[in-house]
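Spelled out from the first residue to the last, the chains are:
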Amino acid sequence: MTSDNIVVRGARQHNLKNIDLDIPKNKLVVITGLSGSGKTSLAFDTLYAEGQRRYVESLSTYARQFLERMEKPDVDFIEGLSPAIAIEQKTASHNPRSTIGTVTEIYDYLRLLFARVGSPHCHVCGKPVTSQSLDEMVDNLMSLNAGTRITILSPVITDQVGSHEKFLKQILRQGFSRIRLNGKLTEIELAGNLDKKLKHSIAVVIDRLIIKPGLQNRLADSLELALNQSNGIAEIEVKDQATIFFSEKATCITCKTTYPPLSPASFSFNSPHGACSKCDGLGSITEIDPDLIVPNTELSLREGAVSIWAQRNSLHFIEFMEALSAAYGTDIYTPYKNLSSHFKNALLHGSGEKSVKFYFERNEKRVFYEKPYEGIIPKLERRYKEAQSSSAREEIQQYMSFKPCSECNGSRLNATSRSVKIKGYTMEYVTNLSVGNAVRFFQELQLSGRQKTISERIINEVRERLEFLNQVGLSYLTLARSANTLSGGENQRIRLATQIASKLTGVLYVLDEPSIGLHQRDNQRLLSALRHMRDLGNTVIVVEHDEETILASDHVIDIGPGAGILGGNIMFSGTPENLVKEKNSLTGQYISGEKKIEVPSRRRSGNGNRINIKGACGNNLKNINIEIPLGCFVCVTGVSGSGKSTLVIETIYNALVQRLHRSRTSAGPCTGIDGLESIDKVVNIDQSPIGRTPRSNPATYTGVFTHIRDIFSRTPDSRVRSFKAGRFSFNIKGGRCEACCGDGIIKIEMHFLPDVYVTCDVCKGKRYNRETLEVRYKGRNIADVLDMTVRQSLEFFEKIPLIHTKLNALADVGLDYIRLGQPATTLSGGEAQRVKLSSELSKKGTGKTLYILDEPTTGLHIADIENLLKILNRLVDSGNTVITIEHQLDVIKSADYIIDLGPEGGDMGGYIVGSGTPEELVLIPESHTGRYLKPILTDL
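Now for a quick tour of the structure. (Residues numbered from 1 in each chain as written. Predicted model: local features only at pLDDT ≥ 70, side-chain atom pairs only at ≥ 80, totals over all residues. Heavy atoms only, no water.)

**A closer look at the packing of helix α11 (residues 376-386) against helix α12 (residues 390-397)**
Reasoning step 1: Two elements in contact, α11 and α12, have axes separated by 9 Å at closest approach and are oriented at 155°. Judged by the inter-axis angle, α11 sits roughly antiparallel to α12. Seen from above, α11 lies across α12 with left-handed handedness. For the pair α11 and α12, the contacting residues are Leu-380, Arg-383 and Tyr-384 in the first and Arg-393, Glu-395, Ile-396 and Gln-397 in the second.
Reasoning step 2: Class assignment for the residues of the contact of α11 with α12 results in 3 nonpolar, 1 polar and 3 charged. (Axes fitted to C-alpha atoms, helices over the stretch in contact; angles between N-to-C directions. Helix = DSSP H or I, 4+ residues; strand = E, 2+ residues; numbered from the N terminus. Parallel < 35°, antiparallel > 145°, perpendicular 65-115°, else oblique. Left-handed = near helix turned anticlockwise from the far one by under 90°. Contact = heavy atoms within 4.5 Å. Nonpolar A, V, L, I, M, F, W, Y, C, P; charged D, E, K, R; others polar.)

**Structural notes on the state of the cysteines**
Reasoning step 1: This model, assessed by the stated rule, comprises 0 disulfides.
Reasoning step 2: Here Cys-670 stays free of any disulfide, with the sulfur of Cys-617 as its closest cysteine sulfur at 7.8 Å.
Reasoning step 3: By relative accessible area, Cys-670 is classed as partly exposed at 24%. (Disulfide = S-S within 2.5 Å. Buried < 20%, exposed > 50% of the residue type's maximum accessible area, 1.4 Å probe, protein only.)

**Brief notes about the pattern of salt bridges**
Reasoning step 1: Using the criterion set out here, one finds 42 salt bridges in the structure.
Reasoning step 2: Note that Arg-465 is salt-bridged to Glu-105, the shortest N-O span being 4.0 Å. With Arg-465 in helix α16 (residues 449-471) and Glu-105 in the loop between α3 (100-103) and α4 (106-117), this residue pair connects regions lying 360 residues apart in the sequence.
Reasoning step 3: Note on Arg-465: relative accessible area 13%, which makes it buried.
Reasoning step 4: Here Glu-627 makes a salt bridge to Arg-610, at a shortest N to O gap of 3.3 Å. Of this pair, Glu-627 sits in strand β23 (residues 624-629) while Arg-610 sits in strand β22 (residues 610-616), placing them 17 residues apart in sequence.
Reasoning step 5: Looking at Glu-627, the relative accessible area reads 38%, which means it is partly exposed.
Reasoning step 6: One network of salt bridges, with partners in common, ties together Glu-50, Arg-53, Arg-54, Glu-57 and Lys-72. (Salt bridge = Lys/Arg side-chain N within 4 Å of Asp/Glu carboxyl O.)

**Focus: the packing of aromatic side chains**
Reasoning step 1: If you walk through the whole model with that rule in mind, you get 19 aromatic pairs.
Reasoning step 2: Residue placement shows Arg-767 over the ring face of Phe-730; its charged tip is 4.3 Å from the ring centre.
Reasoning step 3: Its guanidinium or amino end placed over the ring of Phe-796, Lys-778 lies 4.9 Å from that ring's centre, counting from NZ or CZ. (Phe/Tyr/Trp six-rings, centres within 6.5 Å; stacked < 30°, edge-to-face > 60°. Lys NZ or Arg CZ within 6 Å of the ring centre and 35° of its normal.)

**Thoughts on the nonpolar core**
The tendency in soluble globular proteins is for nonpolar side chains to be buried as a group.
Reasoning step 1: Core analysis: the biggest nonpolar cluster contains 70 residues, and Ile-708 and Phe-797 have the highest contact counts within it.
Reasoning step 2: Of all the elements, helix α31 (residues 862-877) adds the most residues to this core, at 9 residues.
Reasoning step 3: Once residues lying within four places of it in the same chain are set aside, the contact partners of Ile-708 are Ile-782, Val-785, Phe-797, Ile-803 and Leu-820.
Reasoning step 4: Membership of the second largest hydrophobic core comes to 55 residues, among which are Phe-468, Leu-477, Ala-497 and Leu-511. (Core = buried A, V, L, I, M, F, W, Y, C linked by side-chain atoms within 4.5 Å.)

Below, the structure written as structure tokens:
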């Protein structure tokens, strides 16, 4: 035991098998192994948890009550542990006010920069708004050439209606004799009677001077008098030169609008000083969305194109629709997309003064209807304002969506703050730059004099933080982007960049697959960032499956040999060079090439049908046309930010669920989609949790628990006691333990200590009451069954086809190690995705389903990926189509057809770089994916 190592002895957290381990400090350490083998249990639940717990223990009891406390891990002892920071794949913030700029603190520096060196401009006329002291005004005029003739005026009235007789008499009594009336100099007494119906502009002539030495005192007196007369504004007419305006209150000379002094709060959208008054600094407002009212434009009014009318089929209502259509020269059988824009506008926004006329039957009487039509959107808006109950508002909210605020255009700031400029650029312009472009902007920004002195340190801080974001592969993101729209991998890399900027030393950093969502091209930049953190004097522990990251590390820990109860052992601990020689390490076998995922011997050409998406232009997509062959394994690739999720999820998936499942989800804009008749269902299998409470588990999600409860309800013991299937549910009263309400555990809040979860004393964690547990099937009660692994339950229910089919699907996707009753909150994103995949596998398909998966290899070992590919190919072989968004090269090389987007991320992305088989893609020199794919296609 030395101070150079973190010494772990007797770690038994979760499935760890009492392991002993020495981890070198101040090194880049990778923990790898099969999904579910115990990597997270070691890295996060043991090392990070203990490091965090010890640090918090050192604080006062008062401070500890405000911090999240972690339970002491099940380990004999750990020595050499540093304060720990976890950088996980969790959404940084669900707060809509959080942006990338605020999360990284770059926006705080920008607020300070614009407040100190920004130049205010009038938000009405756009002219610069400046303020000067009296001395500055005098110095400015004295800098004119000697002999220059000037006239000092006080503009007191600008474009105001009236005769102004009283005012003219007043200034005459004050000793002034001349004015400039509507642009012409004249004597006050000769001004005559002004037309009171017209607008007039009047400026009082204060003094006429010739610039010469020693004139400062008279200038100061005259300027002060001019400022007093016009509330802080003086106008200087210079002979043969442009007029000079002075203001002591930062007032627009033209509009007479006075602006408050600038401060950092003036640019905060979380402060009333800077926030847009219409959207309160959110940048968007909720309003009725026409796309949600008419989600499928292929349908006619009679077929239910207007979703809010879809269920209204009464004769009276049909007659009304026919009368409304006839009034605009159309009918209710024409597809919505073919209706005239005039009629669409009337349908949504009302007919104005035009009346709709028709007869209808009511109580056996013929009634004549004639009045203007209100319109769907005005009616919904009125009903929303008048709604008295939350349920009534929620009903209308399903037709509402967030739209950019029309006043601030999504910038979140008020008009005054939006008009402050630095070298002609506003805060809105800077925050809407991508990180890569922002780096170049601040490198090229040249300030001088006082501005340069003030801004130098601020700009250096901004540049440094932007460089760190660029370094971890996030050059395509904009600072104004909401934090809640980021993926787990993007959030993790933002936090990584923030930690690099903090320049801490002596810290234990624990990261969870930072390479997720990152293209191979950007991997080296990420590795460089990790090495930089290590070189500062920190220990960096990374849970990772990426081969390049493993080989670039200083030390590798491989956990296995299997998953769940079959894992938890240290299979290897040492350098990457020795890993490839270790025969007991499954990871080493794949890296050495002893085991590998083979390139398919043939590529499927599909079933001859295709989906054609035309003119896709959502987010950064550049009006592209996409052709997707059906009956194939299709992979969408490209660098981070190239538009993959926009194309696959927001455009293709959302458009398909609109048309196939009548969903109200808004889809990314495109001009048309053809070929849908060849698909009868679309399924998005993402990595969102299968449930957000411990009550959700694999058994309930897959539906197998319903069949298990039915079996228990048919046992002799249940029949004697008249127990139904509901008796065996832990979610409802009857069979569950009421002491813990079916949770099996009880939460006890401990104030400044971590909350304690204790096993229920009544049911001993079984979740059910005594009577329910007395019912047995093949010697096991319902609690025993929930505690079984999938592998064990397959044997137990071997002769029950309905149950065996669903359990076999879980085993097929590599989840035979999880327990049936394992809380959903303990499943990783990859495990949750595979539970969903198994649920789809267990269903009887028609062979015409489109499956969409977003980075399905997240959290998967290469051996798990090989197993996943077998499942996906099984779906395709059944006639279905699989579309994946993926960076993992083994998945890409196994695809039948690739759509590669790019060439870069953000504004430089959104184009189709190439499409075709993997062999065809590697021949395209512009494709980054093709360049990295070529070496692993051994036949090229």
